[in-house]
Every structure is written in C-alpha cells, then in structure tokens.
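Read off the chains here:
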Amino acid sequence: MKGIILFKSRYGNTRQYAKWLAEDLNFELRDFSKFKKKEIANYDQIIFGSGVYMNKMDKIQKVLKMFRDKPIVIFSCAGNPGIEKEIEDIKMYNFHHDELSFHHFFYLPGGVDFSKVTGFMKFLINIFRKILEKKKNKTYEEEQILKGFTDPTHYVDRKHIKKIVEFIHQT
Ligand SMILES: Cc1cc2nc3c(=O)[nH]c(=O)nc-3n(C[C@H](O)[C@H](O)[C@H](O)COP(=O)(O)O)c2cc1C
C-alpha cells in the first residue's frame, strides 16, 4: 500500500505528528504546497494535517476541493489537549456535514505558544490579547487563550497518533 502524509505547519507541532505518522506507517512525507492534484492517483492512502489559527485549519478549503472525489484522513492540530467542545468547534468552522462523513477526521493535541508568533500575526494577536484582558466575565476558553501568552502549553506526544495508525491499518 502506497501512502503519503501532507501537512501544513507554522510552528512545528503538526510537522512533528506528520513525521511520526510517516515513520510508523512507512508513508512518504511532504509539505502540502509541493503536492499536485495529478499525483492523487499515485497513492492508495492520503493523510492531510494542519494547525488551527483563529479557528481555521490552514489550506483546508484547497484540500477539500482537491480531494472532492477521494476520501482521505484529515487531522487538525490545535491548542487544546482534546476538549470535545473545542474539537466540535474546529469541525464546525472548517467542514460541512457531508465533508465530515466523506473524509475521516481526527484531532491531535498541539499546544499554544504565542511567543513563537512573529510579524503581522503578532501585531494582531497583541490587539486580541488587550481586548480579552479588558473583557469582564471571561469564558473558560478565553482564560485558556490568555494563559497561552504567559504559560505556553505543549501536548504533542507520539501516543496520540495511535488512533490514526490503527485506522489506516484497518482500511
Ligand atoms: C496565532 C495563533 C492562533 C491560534 N488559534 C487557535 C484557535 O483558534 N483554536 C485553537 O484551538 N488553537 C489555536 N491556536 C493553537 C495552534 O492551533 C497550535 O499551536 C497548533 O499546534 C499549531 O500547529 P503548528 O505548530 O503545526 O503550526 C493558535 C495559535 C496561534 C499561534
């Protein structure tokens, strides 16, 4: 069985999961930007993973369009350790119902470290931070985001890929 892991990663967490998956499954590993649609037929199994920024998975619209006729495994890697409500939010912001039933979605816990953010995004998140800090009656999620500015979190662990590896072996 020939397979490939495609990924988009800004800060390294998704890339790390993609590397572990490529090792365990003996699949090729490639940045999504270097993959061409005409190559789809060369692979039996395709996995795509990306980070989540302001609720949106990087490149997800392009991926859903490219793989409209071929079901693939899609994983997102975001800031929460695996909180169901936040995983549901990621699904809601990035997929239609039919896309979720056509493809196979998994969530892998990343973490948050805003100190790695540079450039215009840094400017934007600093404005966001100031707005959040001033807000009264913050939700749990908002408190967690603010914590990310002072206490970086890192939930990346090889054990989390087990569910994807098992799924691929079953198909
Ligand atoms: C600017 C920025 C925005 C983020 N927005 C979200 C978000 O909306 N929801 C979430 O769950 N995680 C969010 N995160 C956390 C990232 O999804 C998490 O760090 C992920 O592991 C990044 O993947 P990467 O290291 O492959 O780039 C954000 C992180 C940054 C730096």
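Structure shown above.
Residues numbered from 1 in each chain as written. Predicted model: local features only at pLDDT ≥ 70, side-chain atom pairs only at ≥ 80, totals over all residues. Heavy atoms only, no water.

Overview of the site of the ligand
For step 1, the next point in the chain: Every one of the 20 residues lining the ligand counts as a neighbour, but Ser9, Thr14, Val52, Tyr53 and Gly111 are closest to it.
For step 2, the next point in the chain: Here an oxygen atom of the ligand and a side-chain polar atom of Ser9 are 2.6 Å apart.
For step 3, the next point in the chain: Here an oxygen atom of the ligand sits 2.6 Å away from a polar atom, N or O, in the side chain of Thr14.
For step 4, the next point in the chain: Burial of the ligand by the surrounding chains reaches 91%, relative to a free accessible area of 640 Å².
For step 5, the next point in the chain: A molecule is said to occupy a pocket when more than half its atoms come within 2 Å of that pocket's grid points, and by this definition the ligand occupies the largest pocket.
For step 6, the next point in the chain: Listed by contribution, the elements that provide at least two residues to the shell around the ligand are helix 1 (13–25), strand 3 (45–53), strand 5 (73–78) and helix 5 (119–134).
For step 7, the next point in the chain: Residue contributions to the shell around the ligand peak at three residues, all from strand 3.
For step 8, the next point in the chain: Looking at the shell around the ligand residue by residue, the class counts come to ten nonpolar, nine polar and one charged. (Near = heavy atom within 4 Å. Polar contact = N/O pair within 3.5 Å; in protein donor to acceptor, adjacent residues only side chain to side chain. Areas by Shrake-Rupley, 256 points an atom, 1.4 Å probe, with all protein chains shown as cover. 1 Å grid on protein atoms, 1.4 Å probe; cavity = no way out; pocket = protein on both sides within 12 Å on 5 of 7 lines; lining within 4 Å. Sits in = over half its atoms within 2 Å of the grid points. Helix = DSSP H or I, 4+ residues; strand = E, 2+ residues; numbered from the N terminus. Nonpolar A, V, L, I, M, F, W, Y, C, P; charged D, E, K, R; others polar.)

Here we look at the packing of aromatic side chains
For step 1, the next point in the chain: Within this structure, the stated rule accounts for nine aromatic pairs.
For step 2, the next point in the chain: Their ring planes at 65° and their centres at 5.6 Å tell us that Phe106 and Phe167 sit as a pair that is edge-to-face. Taken together, the residues span a long stretch of sequence, with Phe106 in strand 6 (residues 104–109) and Phe167 in helix 7 (residues 162–170) at a distance of 61 residues.
For step 3, the next point in the chain: The buried category is assigned to Phe106, whose relative accessible area is 14%.
For step 4, the next point in the chain: Site record: aromatic cluster; members linked through ring pairs are Phe35, Tyr43 and Phe67. (Phe/Tyr/Trp six-rings, centres within 6.5 Å; stacked < 30°, edge-to-face > 60°. Buried < 20%, exposed > 50% of the residue type's maximum accessible area, 1.4 Å probe, protein only.)

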